[in-house]
Amino acid sequence: MPYLFKVTSGTPSTPNNVGDMNFKDHYPDINRNLVWSEISPYVRQAAIKNIIPYVGKELFYDLAAKYDAATALTPAQQETLTLMQDALAYYTIYHALPHKNISINSMGVNQNIPAEGTAQPVSQWSMKHARWSALENADFFLDKLLAQMEAQVQ
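First things first, this report covers the structure right here in the doc. (Residues numbered from 1 in each chain as written. Predicted model: local features only at pLDDT ≥ 70, side-chain atom pairs only at ≥ 80, totals over all residues. Heavy atoms only, no water.)

### As for the pattern of salt bridges
A complete count under the given rule lists one salt bridge for this structure. In this structure, Lys 66 and Asp 62 form a salt bridge, with 3.3 Å as the shortest nitrogen-oxygen distance. In this pair, Lys 66 and Asp 62 both sit in helix H2 (residues 57-68), four residues apart, roughly one turn of the helix. Judged by relative accessible area, Lys 66 falls into the partly exposed class, the value being 23%. (Salt bridge = Lys/Arg side-chain N within 4 Å of Asp/Glu carboxyl O. Helix = DSSP H or I, 4+ residues; strand = E, 2+ residues; numbered from the N terminus. Buried < 20%, exposed > 50% of the residue type's maximum accessible area, 1.4 Å probe, protein only.)

### Quick notes on the packing of helix H3 (residues 75-100) against helix H4 (residues 124-153)
Where H3 contacts H4, the axes come no closer than 8 Å and their chain directions differ by 160 degrees. Between H3 and H4, the angle is such that the two are roughly antiparallel. Regarding H3 and H4, the two cross each other, and that crossing is left-handed. In terms of residue class, the contact of H3 with H4 is made up of 19 nonpolar, four polar and five charged. (Axes fitted to C-alpha atoms, helices over the stretch in contact; angles between N-to-C directions. Parallel < 35°, antiparallel > 145°, perpendicular 65-115°, else oblique. Left-handed = near helix turned anticlockwise from the far one by under 90°. Nonpolar A, V, L, I, M, F, W, Y, C, P; charged D, E, K, R; others polar.)

### Quick word on a nonpolar patch on the surface
A contiguous nonpolar patch, built from Met 1, Ile 48 and Tyr 61 and spanning about 250 Å² of accessible area, is present on the exposed surface. Here Tyr 61 is to be found in helix H2. (Patch = residues over 30% accessible without salt bridge, like charges linked within 9 Å, V, L, I, M, F, W, Y side chains within 5 Å. Areas by Shrake-Rupley, 256 points an atom, 1.4 Å probe, with all protein chains shown as cover.)

### Considering the packing of aromatic side chains
Describing an aromatic ring pair means giving the distance of the ring centres and the angle of the ring planes. With the rule as written, the count across this model stands at eight aromatic pairs. Both rings, one in Phe 60 and one in Tyr 61, keep their centres 5.8 Å apart while their planes meet at 80 degrees; by these two values the pair is edge-to-face. An aromatic cluster of three or more residues is present, and its members are Tyr 3, Phe 5, Phe 23 and Trp 36. Here the basic side chain of Lys 6 rests over the ring of Tyr 67, its NZ or CZ set 4.3 Å away from the ring centre. In this arrangement the basic side chain of Arg 131 is found over the ring face of Tyr 94, its NZ or CZ atom lying 4.0 Å from the centre. (Phe/Tyr/Trp six-rings, centres within 6.5 Å; stacked < 30°, edge-to-face > 60°. Lys NZ or Arg CZ within 6 Å of the ring centre and 35° of its normal.)

### Some details on the packing of H2 against H3
For any two helices packed against each other, the geometry is given by the interaxial angle and the distance between the axes. It is the contact of H2 with H3, at a shortest axis distance of 11 Å, that shows an interaxial angle of 105 degrees. In terms of axis orientation, H2 runs roughly perpendicular to H3. Contact with H2, carried on its side by Leu 59, Phe 60, Leu 63, Lys 66 and Tyr 67, involves Gln 77, Thr 80, Leu 81, Met 84 and Gln 85 of H3 and no other residues of that element. Considered class by class, the residues forming the contact of H2 with H3 number six nonpolar, three polar and one charged. (Contact = heavy atoms within 4.5 Å.)

### Some details on the side chain of Asp 86
For Asp 86, the location among the structural elements is in helix H3. We note that Asp 86 is buried and unpaired, the nearest opposite charge coming from Lys 144 at a distance of 11 Å. A polar contact is formed between the side chain of Asp 86 and the side chain of His 26, at a distance of 2.6 Å. Residues in contact with Asp 86, not counting those within four places in the same chain, are His 26 and Phe 141. (Lys, Arg positive; Asp, Glu negative; His and termini not counted. Polar contact = N/O pair within 3.5 Å; in protein donor to acceptor, adjacent residues only side chain to side chain.)

### Thoughts on H4
Compared with an ideal rise of 1.5 Å per residue, which puts 30 residues at 44 Å, H4 spans 43 Å between its outermost C-alpha atoms and is within 8% of the ideal. What H4 keeps buried is the set Met 127, Ala 134, Leu 135, Ala 138, Phe 141, Leu 142, Leu 145, Gln 148 and Met 149. (Expected span 1.5 Å × (residues − 1).)

### A word on the environment of Glu 136
Summarising the element assignment, Glu 136 is placed in helix H4. You can call Glu 136 partly exposed: its relative accessible area is 47%. Sequence separation between Glu 136 and Ser 9 is 127 residues, and the spatial gap between their C-alpha atoms is 29 Å.

### Considerations on the environment of Asn 101
Position of Asn 101 among the secondary structure elements: in the loop between H3 and strand E1 (102-105). Judged by its relative accessible area of 19%, Asn 101 falls in the buried class. Measuring from C-alpha to C-alpha, the distance between Asn 101 and Val 122 comes to 8.6 Å, with 21 residues separating the pair along the chain.

Written out as C-alpha cells, the structure reads:
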C-alpha cells in the first residue's frame, strides 16, 4: 500500500528515518531520528481507517501512484495531495501516540522508559492533550480536503 510519503533527503539513512521522508513537512514535531518502519504501520492504518473511506480507494491510490512516480500534478491534484498528506500525518500521530509509550513483550505490557534519563515519559494530561490536538488538526485537514474535492466536482 502506498503511504503518500517518500524519501526526500539527498542521502537517506539505512534504514530510513523519518527525517529522510517528507512526513516532517506535514507533521514537523516528530523526531527525525525515528526509524520509518516504526511509524509506517500507523501511516497505513490511519489511511485505511481515516482517509480512504472518505476520499475513496481509487483517488487515494491514483494520487499515491502519481506522487511515487513523480508524475506532474495539476494544481488541484497537488492541493488535494497536500491536504491528504496533512490529514494523514496528523491521523498517524493520533493513532501512534498511545502505542509508542508502551511495549508488549514476554513479561507483559511495559512502559517505555528512556535509558540514561535523557527524556521523561509524558504525563497523562499532556498525552491526552497531544492526542486531542492531533485529532482536531487531522479532522480540520480532512474537512478542508473534502471541501476542496467537492469544489472540484462543482
